[in-house]
Amino acid sequence: MSERHSGALRGRLLATGLAAAAAAALAGCGGTGQSQEPQQREGPFMEVSASAMPAPPFEFSTARGKPWAFGDVADDKLTLLYFGYTSCPDVCPTTMADVAAALQGTGAAADDFDVVMVSTDPERDTAEQLRGWLDSFDPEFTGVRGPIDDVVTAAEAYGIPIEKSKKTEGDYQVSHGERVAVLDGDGAAVGFFDEGTAPEEMGGVLAQLAEERL
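One numbering rule holds for all chains: residues counted from 1, following each sequence as written. Selection of residues for local features in this predicted model requires a pLDDT of at least 70, selection of side-chain atom pairs for listing and counting requires 80 or more, and totals for whole chains, interfaces and linings are taken over all residues. Side-chain metrics rest on all non-hydrogen atoms present in the structure, leaving aside hydrogens and water.

What follows deals with the overall build of the protein chain. A run of DSSP states H or I qualifies as a helix once it reaches four residues; a run of E qualifies as a strand once it reaches two. Both are numbered from the N-terminal end. Secondary structure assignment for the protein chain yields five helices and 12 strands. Throughout this description, buried means an accessible area under 20% of the type-specific maximum (1.4 Å probe, protein chains only), exposed means over 50%, and partly exposed covers the range between. Across the 214 residues in the protein chain, those meeting the buried criterion constitute 51%. Whether two residues touch is decided by their heavy atoms; if any such pair falls within 4.5 Å, the residues are in contact. Sequence separation of 24 or more characterises 75% of the internal contacts of the protein chain that already satisfy a separation of 6 or more. Each accessible area is a Shrake-Rupley estimate made with a 1.4 Å probe; only the visible protein chains count as cover when residues are assessed. Entry remark: accessible area of the protein chain is about 9,400 Å², with carbon and sulfur atoms responsible for 47%.

Turning next to the environment of Phe 83. With respect to the secondary-structure elements, Phe 83 resides in strand β6 (residues 78–84). With a relative accessible area of 0%, Phe 83 lands in the buried category. In the structure, Phe 83 is positioned 77 residues away from Ile 160 in sequence and 8.5 Å away in space, judged by C-alpha atoms. Apart from residues lying up to four places away in sequence, Phe 83 is in contact with Phe 70, Val 118, Thr 120, Val 151, Ala 154, Ala 155, Tyr 158, Ile 160, Ile 162, His 176 and Gly 177.

Where strand β9 (residues 166–168) meets strand β10 (residues 171–175), three bridges bridge the pair, whose relative direction is antiparallel. In the sheet register, Lys 166 faces β10, and the bridge partner there is Gln 173. At least two DSSP bridges between two strands are needed for those strands to be called paired. Linking two consecutive strands that pair antiparallel, namely β9 and β10, is a turn of two residues; a positive phi of about 70° is found at Gly 170 within it.

The term salt bridge refers to a side-chain nitrogen of Lys or Arg lying within 4 Å of a carboxyl oxygen of Asp or Glu. Under the definition given, this model contains eight salt bridges. Among the salt bridges present, the one from Asp 114 reaches Lys 77, with a minimum N-O distance of 3.4 Å. Note that Asp 114 is positioned in strand β7 (residues 113–119) and Lys 77 in the loop between β5 (67–69) and β6, a separation of 37 residues in sequence. On the basis of relative accessible area, Asp 114 is assigned to the partly exposed category, the value being 22%. The shortest N-O distance in the salt bridge between Asp 149 and Lys 164 comes to 3.2 Å. Placement of the pair is Asp 149 in helix α4 (residues 148–157) and Lys 164 in the loop between α4 and β9, with a sequence separation of 15 residues. Under the relative-accessibility criterion, Asp 149 is labelled partly exposed at 45%. Of the residues examined, Lys 164 reaches a relative accessible area of 43% and is grouped as partly exposed.

Centres within 6.5 Å make a pair out of two Phe, Tyr or Trp rings, where for Trp the six-membered ring is used; the pair is then stacked when the planes are under 30 degrees apart, edge-to-face when over 60, and tilted otherwise. On inspection of all chains with the given rule, the structure shows six aromatic pairs. Aromatic pair Phe 45 and Phe 193: ring centres 5.2 Å apart, planes at 50°, arrangement tilted. You can see Phe 45 sitting in strand β3 (residues 45–47) and its partner Phe 193 sitting in strand β12 (residues 189–194), a full 148 residues away along the chain. Take Phe 45: its relative accessible area is 5%, and that puts it in the buried class. Residue classification places Phe 193 among the buried positions, given a relative accessible area of 0%. For the ring pair Trp 133 and Phe 137, a centre distance of 4.9 Å and an interplane angle of 70° mean the geometry is edge-to-face. The pair Trp 133 / Phe 137 is uniform in exposure class, with both members buried. Joined through ring pairs, the aromatic side chains of Phe 58, Phe 60, Trp 68, Phe 70 and Tyr 158 make up one cluster.

So, about α4. Those residues of α4 that sit buried are Ile 148, Val 151, Val 152, Ala 154 and Ala 155. Down the axis of α4, the smallest arc covering the buried residues is 165°, so these residues share one side. Against the buried residues of α4 lie β4 (59–62), β6 and β7. Just downstream of α4, Gly 159 is the residue with a positive phi angle, here 75°. Think of it as the arc spanned by the lines of direction from the helix axis to the C-beta atoms.

Further remarks concern the environment of Lys 77. Taking C-alpha positions, Lys 77 is 5.3 Å from Phe 113, a pair spaced 36 residues apart along the chain. Of note is the side chain of Lys 77, whose polar atom sits 3.4 Å from the side chain of Asp 114. Polar contacts, as counted here, are pairs of nitrogen or oxygen atoms within 3.5 Å of one another; within protein the pair requires one atom able to donate a hydrogen and one able to accept it, and residues that are adjacent in sequence qualify only if both atoms are side-chain atoms.

Okay, the nonpolar core next. The term nonpolar core refers to a set of buried residues drawn from Ala, Val, Leu, Ile, Met, Phe, Trp, Tyr and Cys, joined through side-chain atoms within 4.5 Å. Counting residues in each nonpolar core, the largest one holds 34 residues, and the members touching the most others are Leu 80, Leu 103, Phe 141 and Leu 206. Breaking this core down by element, the ones donating at least two residues are β6, α2 (91–105), β7, α3 (127–135), β10, β11 (179–183), β12 and α5 (199–213). With seven residues, α2 is the largest single contributor of residues to this core. The next biggest cluster of nonpolar side chains, apart from the first, holds 25 residues, and it includes Val 48, Phe 58, Leu 81 and Val 152.

As structure tokens, this is what we get:
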């Protein structure tokens, strides 16, 4: 990643992100179910075999209108992947703020990572909405949109269960993933961070992953 906002505090990032979320339409926010158990846990990072979770075969579009596929991530970087939505009032903006702060804490190693959020609410997360929301955390973060059925299937391929949005009287329920996946250069998941992992813990593991895998 480039053009990192050096010296920015996590509190400032989180406040900005929460303000962006508050400006969006209010919606129900929740994770779903139990996801596939990883093979090994070391502190906040849960490691899996890349062969167990290869890149799902879908092609979506970025918020800038470019084609994007899980298998086409940068082969000289690791990619942090999250499934979320811009009107989420708490978990999604907190997760993005934590990821931004964690990468800032890694120093030069931040350039070894891309960050992608795939929208779980593509009906309301327009390209403009998604791009503006992510800009509040880091302009280098990539927003991705695709048909919701394909998004659900792709998330499940990584062991991250999400559900299609549900409309009820006076309510609109949308789910988000409960983990941040780490993808290798082939788009295979090699591990996960649980939501709520402290930026300091995440940053330490990210620096180690960059040294070991790149």
